[in-house]
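Fold and contact review
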Amino acid sequence: MEETVIVEPRELQELIQRKLFAAGLSNEYAGIIAEHLVFADASGIHSHGAVRVDYYAERIAKGGMNRTPKMTFKATGPCSGILDGQNGPGQVVVLEATNYAIEMAKKSGVAVVGVRKTSHSGALSYYVKKAAQAGFIALSMCQSDPMVVPFGGKENYFGTNPIAFAAPRKSGDPVVFDMATTVQAWGKILDARSKNKDIPDTWAVDEHGKPTTNPHHVHGLLPIAGPKGFGLMMMVDILSGMLLGLPFGKHVSSMYHDLTVGRDLGQFILLIDPQRFTELDTFKASIEQMITELHETPAAENFDQVYYPGEIGQLTYEKYMREGIPIERNIYAYLQSDTIHFDQYSGADAFAQTGTGK
């Protein structure tokens, strides 16, 4: 990360909310997104935090994000339904869908909710954590624009297609993990670009489909664990795209190509009430036992201890919410300024991140 400043979480949320309100969102919607982005930055997921405000502001200002969506939810069965987000702000739409899923799962024990026509929804861990705090096991996944070469290929087809999971526990915050189905997240490659550092040759390929160590030459990401990650990407696109009658694979709209139109993205949410399958206390005690046993597992060389998946993010969140969140100085300056956006994303290539602007 470039030079940073430490920002108190409340201040960061207020700055983001003000900027998105200035871009044209209602104060309510701007506040929902601001809370989400602060969560991402506090969790160490900086690629989905305040760095996104400029992009969101430009898309809102140019009409590619519906400022006043008339979201509708249609139950398709006792434990299933679809929310049409009308290309509203992704964090607003998916939070609404998650809340519907929670109410449905309270009644039926299971909820399967699809989200049609949403925009970029940010860190999926935010939504599954909310559901787990309400007592449910939660799984969420979404499609994204094609940035990944399929196993054995050299042209992009699937997106990074992330998956997030959460489960309630007896004490402390839920167990939560959130992962892209690529070897490494795109944000890590951007970080390497900003520091002019090489990347491992297992992360990405160049324009010829050959492994590259130069982050500036990346034209395609690689699926995690080769064919296994490839399979997970396909699963995510089937559940969050095809199942909802939406574009899939290489047909998913670009994040930057045209900021004047909506993206029609899909998301899939599955909630399970654990007490419909086992004693709740027994389930939570098992989670605690697993965590204890993982912590007691002897650490390998160059590791201080074994953490459960997602634990480092949780510890980071607790630390940053207590001590302040590191934000790149130029992003902080933008949030403090009167500039609504820099007009730099429209028409940009997915790997260039920006077009002709700053």
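Above this text sits the structure in question.
So, here is what we can say about the structure in this document.

Conventions we followed
Residues numbered from 1 in each chain as written. Predicted model: local features only at pLDDT ≥ 70, side-chain atom pairs only at ≥ 80, totals over all residues. Heavy atoms only, no water. Helix = DSSP H or I, 4+ residues; strand = E, 2+ residues; numbered from the N terminus. Contact = heavy atoms within 4.5 Å. Areas by Shrake-Rupley, 256 points an atom, 1.4 Å probe, with all protein chains shown as cover. Salt bridge = Lys/Arg side-chain N within 4 Å of Asp/Glu carboxyl O. Buried < 20%, exposed > 50% of the residue type's maximum accessible area, 1.4 Å probe, protein only. Pairing = 2+ DSSP bridges. Axes fitted to C-alpha atoms, helices over the stretch in contact; angles between N-to-C directions. Core = buried A, V, L, I, M, F, W, Y, C linked by side-chain atoms within 4.5 Å.

With that settled, consider the overall build of the chain. When helices and strands are tallied, the chain shows 10 helices and 11 strands. Principal-axis analysis of the C-alpha atoms places the extent of the chain at approximately 60 × 55 × 45 Å. For the chain, long-range pairs separated by at least 24 residues make up 68% of all intrachain contacts whose partners lie at least 6 apart in sequence. Surface accessibility of the chain: about 16,600 Å² in total, with carbon and sulfur atoms responsible for 53%.

This part is about the pattern of salt bridges. One pass over the full model with this rule turns up 11 salt bridges. As a salt-bridge pair, Glu58 and Lys62 come within 2.8 Å of each other at their nearest N and O atoms. According to the relative accessible area criterion, Glu58 is buried, its value standing at 0%. For Lys62, a relative accessible area of 27% corresponds to the partly exposed category.

Here we take up the sheet that holds strand E7 (residues 175-179). Adjacent strands of a sheet pair through backbone hydrogen bonds, lying either parallel or antiparallel. If you walk across this open sheet you meet the 7 strands as E2-E3-E4-E10-E5-E6-E7, and the pairing is mixed. With one partner strand each, in any of the chains shown, strand E2 (72-77) and E7 form the two edges of the open sheet. Between one strand and the next, the sheet's axes are offset by a mean angle of 15 degrees, whatever the strand orientation. Sheet topology note: the strand E6 (residues 163-167)/E7 ladder contains 5 bridges and is antiparallel. Of the residues in E7, the one forming a bridge with Ala166 is Val176. Across the sheet, helix H7 (residues 227-240) lies against strand E5 (137-142), E6, E7 and strand E10 (265-272), angled at about 95 degrees from E5, the strand it touches most.

This brings us to the nonpolar core. The biggest cluster of nonpolar side chains holds 35 residues, and the ones touching the most others in it are Leu12, Ile16, Leu20, Ile327 and Leu335. Elements with a contribution of two residues or more to this core: strand E1 (4-7), helix H1 (9-23), helix H2 (27-42), helix H3 (53-61), strand E11 (325-328) and helix H10 (329-336). Apart from the residues lying within four places of it in its own chain, the contact partners of Ile327 are Glu3, Thr4, Val5, Val7, Leu12, Asp41, Ala50 and Tyr332. Core analysis: the second largest hydrophobic core is formed by 27 residues, Val94, Val128, Ala132 and Ala138 among them.

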